[in-house]
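These are the residues of each chain, in order.
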Amino acid sequence: MHFGDIFIELILGFIALFIITKVLGKTQITQITTFDFISALVLGELVGNAIFDHEVGIFHILYAVFIWGILIFVLEMITQKFSKTRGFLEGSPTIIIRQGQILRESLKKSKLDVNQLQHLIRSKGVFSIRELEYAILETDGTISVLKKAPYETPTKRDLQLNLEQVNIPITLISDGKVINDNLTEAGFNTTWLEEQLRQQNIFRVEEVMYAEWLEGSGLHVQTI
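Predicted, not measured: the structure shown is a model, and the values here were computed from it.

J.: Break down the side chain of Glu212 for me, with residues and values.
T.: Along the polypeptide, Glu212 turns up in strand E7 (residues 208-214). Within polar-contact distance, the side chain of Glu212 engages the side chain of Tyr210 at 2.5 Å. Each residue touching Glu212, except ones within four places of it in the same chain, is listed here: Pro169, Ile170, Thr171, Leu172, Gly218, Leu219 and His220.

Written out as C-alpha cells, the structure reads:
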C-alpha cells in the first residue's frame, strides 16, 4: 500500500469519525456507557481495517461507519423519546450503600467487590465508608455519594455568612487573541479592553497569554 493511499484513508476516516462524534453529541464522550464503549471500539476497528486491509476499500468502510453511526443515533433517539426503554438499553443507577450499610446483593449484581468500591469512593474524596449515607453506581461506571450529616462540608448558610452572588469568569483573551463573542457577552468592546490593558502597562494584545473578566474582581491578565 502506498503512503499516499494511507494518508487519504486516514484523513477520510478521521473526518467520518469526527462527523459521527459531532452528530451523536458530547454525552457520548462524557457519559460513556458499556454500549458506548463497545461502539467506540467498533468504529475504531472499522477505520483501522480500511487502512491496513488491502482487500477492503475505504468507501466500503465509510459505508459501514455511516450505517453504524445511524444505528447509534437511532438508539439515542429511542432512549430520549421513550423513557421506558432507558433501563434496558442504557442501564439504570444502582444503590450500593443505603443508610450507611453496604448492600451485598447490589455489589454482586454490579460485579463489584469491596476493594473496588473503596477505590470508587476514594475518587470522590471519601476515605472511609463510615462517612457515607448513600452511594449510587451510575450507568457510566462512576459513583455518586451522599455523606452523613457530620461529614458534610459546611456551607456559607450553615456558617451564617453573607451570601454573595456567584458570577462566572469570562475569558476575553486567549493566546494573544481577543475572543470577540465573549467580549460582547460581557458588555464591553475593544476600546475598553485596550484601556484596561494600558492601565497594566500592556500595549499589545499579542503580549497577553490569558485574560479573564470576573464581575466584582475586575480583569485578570497573564502575559506571555
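Now, onward.
J.: Can you tell me about the pattern of salt bridges, naming the residues and giving the values?
T.: A complete count under the given rule lists two salt bridges for this structure. In this structure, the salt-bridge partner of Glu195 is Arg198, at a minimum N-O distance of 2.9 Å. Remark: Arg198 and Glu195 occur in helix H9 (residues 190-198); sequence separation between them is three residues, near one turn of the helix. Assessed through its relative accessible area of 38%, Arg198 is described here as partly exposed.

J.: Any details on the sheet that holds strand E5 (residues 170-174)? Residues and values, ideally.
T.: Read across the sheet, four strands follow the order E6-E5-E7-E8 without closing on themselves; strand pairing throughout is antiparallel. Unpaired on one side and paired on the other, strand E6 (177-178) and strand E8 (218-223) mark the two borders of the sheet. Pairing of E5 with E7 involves four bridges; the strand directions are antiparallel. Paired with Ile173 across the bridge in E7 is Ala211.

J.: How would you explain the pairing of strand E3 (residues 132-137) if you had to name every residue and give the values?
T.: Along any regular strand, the residues point their side chains to alternate faces of the sheet. Bridge analysis of strand E1 (residues 94-98) against E3 gives four bridges, and the strand direction is antiparallel. Paired with Thr94 across the bridge in E3 is Leu137. Pairing between E3 and strand E4 (residues 143-147): five bridges, direction antiparallel. Counted as the bridge partner of Ala135 is Val145 from E4. Counted between consecutive antiparallel strands, the loop separating E3 from E4 contains five residues, among which Gly141 sits at a positive phi close to 90 degrees.

Calculation rules
- Residues numbered from 1 in each chain as written.
- Predicted model: local features only at pLDDT ≥ 70, side-chain atom pairs only at ≥ 80, totals over all residues.
- Heavy atoms only, no water.
- Helix = DSSP H or I, 4+ residues; strand = E, 2+ residues; numbered from the N terminus.
- Polar contact = N/O pair within 3.5 Å; in protein donor to acceptor, adjacent residues only side chain to side chain.
- Contact = heavy atoms within 4.5 Å.
- Salt bridge = Lys/Arg side-chain N within 4 Å of Asp/Glu carboxyl O.
- Buried < 20%, exposed > 50% of the residue type's maximum accessible area, 1.4 Å probe, protein only.
- Pairing = 2+ DSSP bridges.

Interpretation in functional terms is not warranted from these geometric data alone.
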